[in-house]
Amino acid sequence: FIGADASMIINRSTVDNNAAHAGAGIYSLGDLAVTNSTVSMNTVGGGVQIIGGTASLLNVTIAANQSMGLFANNGSATATLQNTLISDSYGTSPLDCNGASAVTSGGYNLIGINGNCSLTNGVSGDLVGSASAPVNPRLGPLALNGGTTRTHAIAQGSPAINAGDPLTCPSPDQTGLARPVYGRCDIGAVEYNGSANPVPHITSLVPPSVLRNCVDPTVTLTVNGQEADVRARAGVLGTRRAGRGAL
């Protein structure tokens, strides 16, 4: 809770698993600045409610909150979003962003399902979805992805990757990773640190004991989560330890 005469700066932090009738994560009447932080899994009252004063959200991830992600009270509050990701709210008719003209864009935001926030898909680098055409940021679960706080990592193929403001990129990200990783800042609190062109990774392999008696075996491998049939000589694979060899 931030009172009308108070101000708060939140940096590289996570606000999660709180319950309240309004603004379970953050409820602000004063002045608020949030950078490289996560607001997640707050119940009943949603993630962030800006009732008065001003709020600045820069590279923030607001995800998996009940009822709503962000609400700003039109007429008594203003909230400016930049490089901010709001998605995956849940409950009865959940909307990720509400507040009409009280919510303004500083550019390069991702809104999964917009309520009535004054952001437009394709304008100022914003990616804005609707109930009929949501934008899926491909978030992982709230977990330790590096650093000392739990965060939502973004998966390969996320539209948030390399979609942030190329001129405003607060580094490091919430996990301590230097931004940018692949030439341009990502949207949200966590920079994508996976491989841009991932090398196939073998996660399962037929035991060598099976291969030793085969002349020309077919080996089923799991490569990057998909099965692939690879034909190989038993004399080669039979010398490898199961699950640890490489072709």
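Since the structure is predicted, the reported quantities are computational estimates derived from the model, not experimental observations. (Residues numbered from 1 in each chain as written. Predicted model: local features only at pLDDT ≥ 70, side-chain atom pairs only at ≥ 80, totals over all residues. Heavy atoms only, no water.)

> Help me understand the packing of aromatic side chains in this model?
Where two aromatic rings form a pair, the distance of their centres and the angle of their planes describe that pair. One pass over the full model with this rule turns up one aromatic pair. Aromatic side chains Y182 and Y192 sit 6.2 Å apart centroid to centroid with 40 degrees between the ring planes, which places their arrangement in the tilted category. Residue Y182 is located in the loop between β17 (151-154) and α1 (208-211), and its partner Y192 is located in the loop between β17 and α1; the two are separated by 10 residues in the primary sequence. By relative accessible area, which is 10% here, Y192 ends up buried. (Phe/Tyr/Trp six-rings, centres within 6.5 Å; stacked < 30°, edge-to-face > 60°. Helix = DSSP H or I, 4+ residues; strand = E, 2+ residues; numbered from the N terminus. Buried < 20%, exposed > 50% of the residue type's maximum accessible area, 1.4 Å probe, protein only.)

> Would you take a moment to explain the nonpolar core for this structure?
If you look at the biggest cluster of nonpolar residues, it comprises 26 residues, and the most contacted ones within it are L32, I50, I62, L70, L81 and V103. If you list the elements that add at least two residues to this core, you get β5 (31-40), β7 (48-50), β8 (53-63), β9 (66-72) and β10 (77-82). Top contributing element to this core by residue count: β8, with four residues. In this structure, L81 is in contact with L57, L70, I86, V103, T104, S105, G106, G107, N109, I111 and L119, ignoring residues within four places of it in sequence. Formed by nine residues, the second largest nonpolar core is a distinct cluster that contains V135, I161, I187 and Y192. (Core = buried A, V, L, I, M, F, W, Y, C linked by side-chain atoms within 4.5 Å. Contact = heavy atoms within 4.5 Å.)

> Can you help me understand the environment of I111 in this one?
Relative to the assigned elements, I111 resides in strand β14 (residues 110-111). The spacing of I111 and D88 is 23 residues in sequence and 9.3 Å in space, taken between C-alpha atoms. For I111, the contacting residues outside a window of four places in its chain are L81, I86, D96, C97, L119, L127, V128, G129 and V135.

> Any chance you could explain the sheet that holds β9 here in plain terms?
Pairing between the strands of a sheet comes from backbone hydrogen bonds, and it takes one of two forms, parallel or antiparallel. A sheet is described by the order of its strands in space; here four strands give the open sequence β4-β7-β9-β12, paired in parallel fashion. The open sheet terminates on both sides in strands that have one partner only, identified here as β4 (26-28) and β12 (90-98). Across the sheet, the mean angle from the axis of one strand to that of its neighbour is 15 degrees, orientation sign disregarded. In the sheet, β4 pairs with β7 via three bridges, with the strands oriented parallel. Its bridge partner being in β7, I26 is matched across the sheet by V48. (Pairing = 2+ DSSP bridges. Axes fitted to C-alpha atoms, helices over the stretch in contact; angles between N-to-C directions.)

> Can you walk me through the side chain of T149 in this structure?
One can find T149 in the loop between β16 (139-143) and β17. Among the polar contacts made by the side chain of T149, one reaches the side chain of Q174 at a distance of 3.0 Å. Excluding residues within four positions of it along the chain, T149 makes contact with R12, T14, A143, L144 and Q174. (Polar contact = N/O pair within 3.5 Å; in protein donor to acceptor, adjacent residues only side chain to side chain.)

> What is the right way to look at the side chain of S158 in this model?
With respect to the helices and strands, S158 occurs in the loop between β17 and α1. Here P137 takes part through its backbone oxygen, which lies 2.6 Å from a polar atom of the side chain of S158. In this view, S158 contacts P137 and R138; residues no more than four positions away in its chain are not counted.

So far we have only geometry, and geometry alone does not tell us how the molecule works.
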